[in-house]
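Overview (structure and organization)
Residues per chain are reported as follows:
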Amino acid sequence: QGFLAVETVNHVLVDTSLVPTLPINLNVSFPHLRCDQVSADAVDFVGEGQPNASFIMHKLDLDVLGAPTDGAPVFGEKDCGPCFEAASHFPDLCCNTCPELQQAYFSAHLHFHDIAPTAPQCAKTVGCRMSGTAKVSRIGGNLHVALGKSRLDSHGKLVHKFKMSHVKDGFNTSHTIHQLDFGDPVQGLQSPLSHTSKFTKVGSLMFHYYIKLVPTIFSGRAGTFHTYQYSVTEHHRNTLTADAQLAGLPGVFFIYEFTPFLVQKTERDVPLSHFLISICAIIGGVFTVAGLVDSALYTGFRGLREKTDMKHQL
């Protein structure tokens, strides 16, 4: 079995690789946020957007149970969906979609999160799952999924546009990270944040995951892969103040930086000579132990026989 196993040899070097981009593979779901409420973006370590970044992110609507749905509207254009409690403030208003119902509740100063789970307009769009790959420049920065729609301003800074009324009830950033890895996927390489969840019932939380990336070159039977191992620490805080103002952007932030070292992991098959030497060593060990046992038994019986002969002579 040891001969069939693959040995992994590690070497630590100074990182001099010139890989220009960093692929980030992300799959995260938000059970209490609609897909139109969040956006995914990447910025560098000084907070500027990355114009050369490419995103292939897919959004999938989730129902109350977290199951994927088609997100199709319940009411058509000619229908007039109910506005429930908000109808007493706006009798002639139609709420055909979940955003329209939300705006009606906010305009009437009602708590939208009380009706959202049971309203038919929102039944198919309660949550959102985002998955895909972002290719960013290989410099320190962050990838985040946060409130509102984002754009670059005239100074190259990334800004998020949203209405404060959308967060006065709280912006529930509970989430499950199904996958988060960097670089080429390698089977068997551990990903500390994959399959982890964070849940909150109140507030508009900002989750920070501080990630230390270790560039890794993995060479094995399937080829050579440029990937990244990482360690992570986390922190979160409520951005909604007591007077219903935001002291930050609620969302999930993956803040990453690179270590100056590179790890080379090489898979190496155990050579046949090692197997033969091991077999010879086992056989030699068996003969040596057998010889020791035989010698001990012979010496014991010989001594016992001499004592018996001496008694007969006496």
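Residues numbered from 1 in each chain as written. Predicted model: local features only at pLDDT ≥ 70, side-chain atom pairs only at ≥ 80, totals over all residues. Heavy atoms only, no water.

1. Section: the overall build of the chain
- For the chain, the count of helices and strands is two helices and 14 strands.
- Against the compact-globule benchmark of 20 Å for 314 residues, the chain has a radius of gyration of 32 Å, which places it well outside the compact range.
- Projected onto the principal axes, the alpha-carbon positions of the chain cover approximately 130 × 50 × 40 Å.
- Relative to its full complement of 314 residues, the chain shows a buried share of 36%.
- In the chain, of all internal contacts separated by at least 6 residues, the share reaching a separation of at least 24 is 75%.
- When the accessible area of the chain is evaluated, it comes to approximately 18,600 Å², of which 60% is carbon and sulfur surface.
- Measuring between centres, the 24 positive side-chain charges of the chain sit 6 Å from its 27 negative side-chain charges. (Helix = DSSP H or I, 4+ residues; strand = E, 2+ residues; numbered from the N terminus. Rg over C-alpha atoms; globule rule 2.2 N^0.38 Å. Buried < 20%, exposed > 50% of the residue type's maximum accessible area, 1.4 Å probe, protein only. Contact = heavy atoms within 4.5 Å. Areas by Shrake-Rupley, 256 points an atom, 1.4 Å probe, with all protein chains shown as cover. Lys, Arg positive; Asp, Glu negative; His and termini not counted. Charge placed at Lys NZ, Arg CZ, Asp CG, Glu CD.)

2. Thoughts on the state of the cysteines
- Using the criterion set out here, one finds four disulfides in the structure.
- The residue that forms a disulfide with Cys83 is Cys95, at a sulfur-sulfur distance of 2.0 Å. On the S-S bond that ties Cys83 to Cys95, the torsion sits near 100 degrees, and the link is right-handed. With Cys83 in the loop between strand E4 (54-62) and helix H1 (98-107) and Cys95 in the loop between E4 and H1, this residue pair connects regions lying 12 residues apart in the sequence. (Disulfide = S-S within 2.5 Å.)

3. Examining the packing of aromatic side chains
- Evaluated as defined, the whole model comprises seven aromatic pairs.
- For the pair Tyr105 and Phe112, a centre-to-centre distance of 6.1 Å together with 75 degrees between the ring planes defines the contact as edge-to-face.
- Ring plane angle 65 degrees and centroid distance 6.0 Å describe the contact between Tyr228 and Phe258, whose orientation is recorded as edge-to-face. Highlighted residues: Tyr228 in strand E12 (residues 223-238) and Phe258 in strand E13 (residues 251-258), separated in sequence by 30 residues. (Phe/Tyr/Trp six-rings, centres within 6.5 Å; stacked < 30°, edge-to-face > 60°.)

4. Observations concerning a positive patch on the surface
- A cluster of basic residues, Lys59, Lys149, Arg151, Lys161 and Lys163, forms a positive patch at the surface.
- With respect to the helices, strands and loops of the structure, Lys163 is situated in the loop between strand E8 (158-161) and strand E9 (175-183).
- With relative accessibility at 48%, the residue Lys163 sits in the partly exposed group. (Patch = residues over 30% accessible without salt bridge, like charges linked within 9 Å, V, L, I, M, F, W, Y side chains within 5 Å. Salt bridge = Lys/Arg side-chain N within 4 Å of Asp/Glu carboxyl O.)

5. Observations regarding a nonpolar patch on the surface
- On the surface, a nonpolar cluster with roughly 680 Å² of combined accessible area is contributed by Phe275, Leu276, Ile279, Ile282, Ile283, Val286 and Phe287.
- Turning to its location among the elements, Ile283 is positioned in helix H2 (residues 272-313).

6. Digging into H1
- Regarding H1, the residues found buried are Cys98, Leu101, Gln102, Ala104, Tyr105 and Phe106.
- Two residues or fewer past H1, His109 is found with a positive phi of approximately 60 degrees.

7. Describing the environment of Val6
- Within the secondary structure layout, Val6 lies in strand E1 (residues 6-14).
- For Val6 and Asp269, which are 263 residues apart along the polypeptide, the C-alpha to C-alpha distance reads 5.1 Å.
- Excluding anything up to four places from it in sequence, Val6 contacts Arg221, Glu267, Arg268 and Asp269.

8. Here we look at the nonpolar core
- The biggest cluster of nonpolar side chains holds 37 residues, and the ones touching the most others in it are Leu180, Phe182, Ile211 and Phe254.
- Top contributing element to this core by residue count: strand E11 (residues 205-220), with six residues.
- Not counting residues up to four positions away in its chain, the partners in contact with Phe182 are Leu22, Pro23, Ile24, Ile211, Leu213, Thr227, Tyr228, Tyr230 and Tyr256.
- Counting residues in hydrophobic clusters, the runner-up holds 15 residues, among them Cys95, Ala104, Leu110 and Phe112. (Core = buried A, V, L, I, M, F, W, Y, C linked by side-chain atoms within 4.5 Å.)

9. Points about the side chain of Thr69
- Within the secondary structure layout, Thr69 lies in the loop between E4 and H1.
- Classification of Thr69 as buried rests on a relative accessible area of 17%.
- Polar contacts involving the side chain of Thr69 include one to the main-chain carbonyl oxygen of Lys124, which spans 2.7 Å.
- Apart from residues lying up to four places away in sequence, Thr69 is in contact with Leu60, Asp61, Leu62, Asp63 and Lys124. (Polar contact = N/O pair within 3.5 Å; in protein donor to acceptor, adjacent residues only side chain to side chain.)

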